[in-house]
Amino acid sequence: MAADVDKIIPEDESNVSQRNGHLSPSSGSWIFRGIWTLLILAAVPFLAFGIKYYQDAQFLQRHEESVRNLGAEGLFLFSSLDTDHDLYLSPEEFKPIVEKLTGITPPVDFEEEVTHDPNGETLTLEAKMQPLLLDSMTKSKDGFLGVSHSSLSGLRSWKSPAVPFSSFSASQFRALLPPKNKGEVGDTWWVIPSELNIFTGYLPNNRYHPPSPKGKEVLIHSLLSMFHPRPFIKSRFAPQGTVACIRASNDFYYDIVFRIHAEFQLNDVPDFPFWFTPGKFTGNIVLSKDASHVRNFHLHVPNDRSLNVDMEWLYGASESSNMEVDIGYLPQLELQATGPSTPSIIIDEEGNIIDSRDGSSEPIQFVFEDIHWTSEISRQEATRRLEVTLYPFKKVSYLPFSEAFERAEAENKLVHSILLWGALDDQSCSGRTLRETVLESLPVLALLNHSFISSWSLVRELENMQADEQNPVLSEKARLHLEKYNFPVEMMVALPNGTIVHHINANFFLDQTAMKPEEEGATFSFSGGFEDPSTSTYISFLKEGLEKAKEYLAQ
């Protein structure tokens with residue numbers, strides 16, 4: 001009984017205590033913990049802000065130190081290598097400098113060919129072509145005087161694609177998927193790496209048949225073989241190969257933009273070689289991350305320029321034979337998927353075939369869901385990243401002719417203008433040596449970025465611009481450029497009003513910077529800051545232009 005009373009009394013006291021508004025020790029500790037939790041949660045944003053503020057302050061301090069130590073031009077050079085913008089150079093970021101100085105590119109291991117699933121999805125591609133316009137060639141102006149009929153036989157007879165339609169396994173396009181370390185939007189990589197640079201020279205001209213493709217080369221060779229039976233997927237001149245960039249992605253798909261530098265051999269024995277080199281092949285593919293499905297595929301030679309194909313042919317069978325060169329316009333060379341890839345059979349959950357596609361039945365009908373990207377960049381930005389990967393000189397922006405002069409006037413700068421027959425940033429270029437040497441050298445890049453607005457133009461485009469009476473201001477600027485132009489490439493420094501204050505022809509420039517026999521082998525030195533004769537000469541040319549334009553810049 002006493003025990004029962006002892007048990008009851010505390011309970012009553014507890015109830016009375018609660019009724020009187022007093023809290024038990026356990027209730028007080030619960031509130032205490034709650035207050036601490038709220039304080040911690042409230043402190044998290046302040047802590048995050050503090051960390052961010054500290055990181056920004058550290059980054060700003062490093063940036064200011066970089067400007068003090070390197071100067072504005074030096075910081076630009078550093079930033080062009082610092083791809084992740086953390087103000088530190090990793091070995092991967094420094095690799096382009098090593099390759100440029102040594103001329104040695106690390107070997108690339110080709111992946112083994114993938115065994116294709118016979119029951120996997122199939123993609124059908126259609127090839128379209130409009131042959132080169134012969135009257136767009138320079139030689140056509142004099143009726144191809146002095147050009148033998150046999151030299152152009154392969155060109156004249158190539159009127160249509162070699163294979164109008166072809167089917168590919170979806171898994172074949174695995175070759176275009178990014179490597180393991182390149183999975184983010186904006187990442188670029190070499191699908192087929194270039195093996196040439198300024199040190200290695202170029203590949204022989206006296207060849208008729210391409211080498212057997214291997215690894216990822218097989219896909220590119222198969223695609224280009226739809227146009228012509230003799231594609232060389234590695235062009236004779238740098239940069240060769242194929243480069244790609246992730247434009248967009250989600251959990252299941254990539255949209256990959258790519259660019260191919262390849263060429264065709266149009267002649268066969270007994271005619272002498274005739275090389276047909278489109279400025280570039282560009283395209284994109286939307287495919288699943290496991291390469292089991294291709295939603296869309298497109299590849300073409302861009303036709304937005306007045307000239308887009310370089311042609312070179314020999315007048316003999318040896319490498320030392322005389323060569324003729326011309327450039328022309330190709331209206332269309334294109335591959336397009338007829339639709340998304342589809343399976344040949346449909347299997348239910350138990351593995352039974354419930355539908356199939358064969359030659360005697362109607363095609364299987366599919367409905368595809370829309371693809372929504374979770375991360376993407378513009379097609380223009382993806383294209384720019386491909387260009388910079390192929391051509392380091394594009395780290396400096398080269399604006400269209402009219403836009404360059406507008407920008408120069410707005411920023412009170414001079415225009416660094418290059419006038420030539422073929423595009424400077426593709427394989428139809430007549431300025432290969434220029435872009436592979438001085439234009440991509442770090443000191444020239446820095447000076448151009450700091451003091452100039454850069455532009456390049458085709459001679460034919462400026463001729464058309466000069467003839468345009470609807471825009472007399474632009475017509476006059478084109479006239480001033482053409483007045484100073486000499487074949488094949490003219491580099492100019494111009495005022496924003498179009499006046500040419502300084503210019504130099506590429507042939508004269510190369511003669512000036514050609515190394516003497518006793519100087520060969522000394523293309524750079526560490527003590528000389530890696531500056532070769534062509535770089536110092538071009539910097540002198542640009543600085544002379546600045547000096548001659550001082551009166552304008554002082555206004």
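Residues numbered from 1 in each chain as written. Predicted model: local features only at pLDDT ≥ 70, side-chain atom pairs only at ≥ 80, totals over all residues. Heavy atoms only, no water.

Looking at an unreviewed UniProt entry, one finds the protein named Selenoprotein N, with Cyclopterus lumpus as its source organism.

(A) Main features of the environment of Pro488. Checked against the element boundaries, Pro488 lands in the loop between α11 (472–484) and β21 (489–494). On the accessibility criterion, Pro488 (12% relative accessible area) is buried. (Helix = DSSP H or I, 4+ residues; strand = E, 2+ residues; numbered from the N terminus. Buried < 20%, exposed > 50% of the residue type's maximum accessible area, 1.4 Å probe, protein only.)

(B) Highlighting helix α12 (residues 506–513). Every buried residue of α12 is accounted for by Ala506, Phe509 and Thr513. Viewed along the axis of α12, the buried residues span an arc of 60°, placing them on a single side of the element. The inward-facing, buried residues of α12 contact α8 (432–436), β21, β22 (500–505) and α13 (533–548). Where α12 begins, one side-chain oxygen reaches toward the backbone nitrogen of Asn507, 2.9 Å away; that side chain belongs to Asn505. (Arc of directions from axis to C-beta. Contact = heavy atoms within 4.5 Å. Polar contact = N/O pair within 3.5 Å; in protein donor to acceptor, adjacent residues only side chain to side chain.)

(C) Fine view of the side chain of Ser235. Residue position: Ser235 is located in the loop between β4 (231–232) and β5 (241–249). Judged by relative accessible area, Ser235 falls into the buried class, the value being 2%. Reaching out from Ser235, the side chain makes a polar contact with the side chain of Gln427 at a distance of 3.4 Å. Apart from residues lying up to four places away in sequence, Ser235 is in contact with Leu196, Leu203, Gln240, His261, Ala262, Glu263 and Gln427.

(D) Layout of the pattern of salt bridges. Taken as a whole and assessed by the stated rule, the structure comprises 20 salt bridges. In this structure, the salt-bridge partner of Glu376 is Arg247, at a minimum N-O distance of 3.2 Å. Of the two residues, Glu376 sits in strand β17 (residues 375–376) while Arg247 sits in strand β5, which places them 129 residues apart along the sequence. Two residues, Glu381 and Arg384, come together in a salt bridge whose shortest N-O distance is 3.0 Å. Within this pair, Glu381 and its partner Arg384 are both found in helix α6 (residues 379–390), separated by 3 residues, close to a single helical turn. (Salt bridge = Lys/Arg side-chain N within 4 Å of Asp/Glu carboxyl O.)

(E) Representation of helix α7 (residues 401–411). Taken as a whole, α7 has its buried residues at Phe401, Ala404, Phe405 and Ala408. When α7 is viewed along its axis, its buried side chains cluster within an angular range of 95° and face the same direction. In α7, those exposed residues whose orientation departs by more than 90 degrees from the buried face are Glu406 and Ala410. Tucked into the core, α7 has its buried residues touching β18 (398–399), β19 (414–420), β20 (452–458), α10 (459–466), α11 and β21.

(F) Fine view of the packing of helix α9 (residues 442–451) against α13. Relative to each other, α9 and α13 sit at 15°, their axes nearing to 9 Å. It follows that α9 is roughly parallel to α13 by the angle criterion. Crossing of α9 against α13: the hand is left-handed. The residues of α13 that touch α9, namely those facing Pro443, Val444, Leu447, Leu448 and Ser451, are Thr535, Tyr538, Ile539, Leu542, Lys543 and Leu546. Here the contact of α9 with α13 is composed, by residue class, of 8 nonpolar, 2 polar and 1 charged. (Axes fitted to C-alpha atoms, helices over the stretch in contact; angles between N-to-C directions. Parallel < 35°, antiparallel > 145°, perpendicular 65-115°, else oblique. Left-handed = near helix turned anticlockwise from the far one by under 90°. Nonpolar A, V, L, I, M, F, W, Y, C, P; charged D, E, K, R; others polar.)

(G) Here's a closer look at the sheet that holds β18. Judged by pairing direction, the sheet is mixed, and its 5 strands sit side by side in the order β18-β20-β19-β21-β22 without closing on themselves. In this open sheet, the two edge strands, each paired with only one partner strand, are β18 and β22. As paired elements, β18 and β20 share 2 bridges and run parallel to each other. Looking at β20, one finds that Leu399 is bridged to Ser455. The sheet contacts of α12 involve β21 and β22, and relative to β22 the element is tilted by about 65°. With respect to the sheet, α13 is in contact with β19, β20, β21 and β22, its orientation differing from that of β22 by roughly 160°. (Pairing = 2+ DSSP bridges.)

(H) Expanded view of the nonpolar core. By size, the foremost hydrophobic cluster in this structure holds 95 residues, and its most contacted members are Phe173, Phe276, Phe297, Ile418 and Tyr538. Not counting chain neighbours up to four residues away, the residues in contact with Ile418 comprise Tyr398, Leu424, Leu434, Leu439, Ser455, Trp456, Ser457, Val489, Glu490, Met491 and Tyr538. Membership of the second largest hydrophobic core comes to 20 residues, among which are Leu307, Val415, Val459 and Ala494. (Core = buried A, V, L, I, M, F, W, Y, C linked by side-chain atoms within 4.5 Å.)

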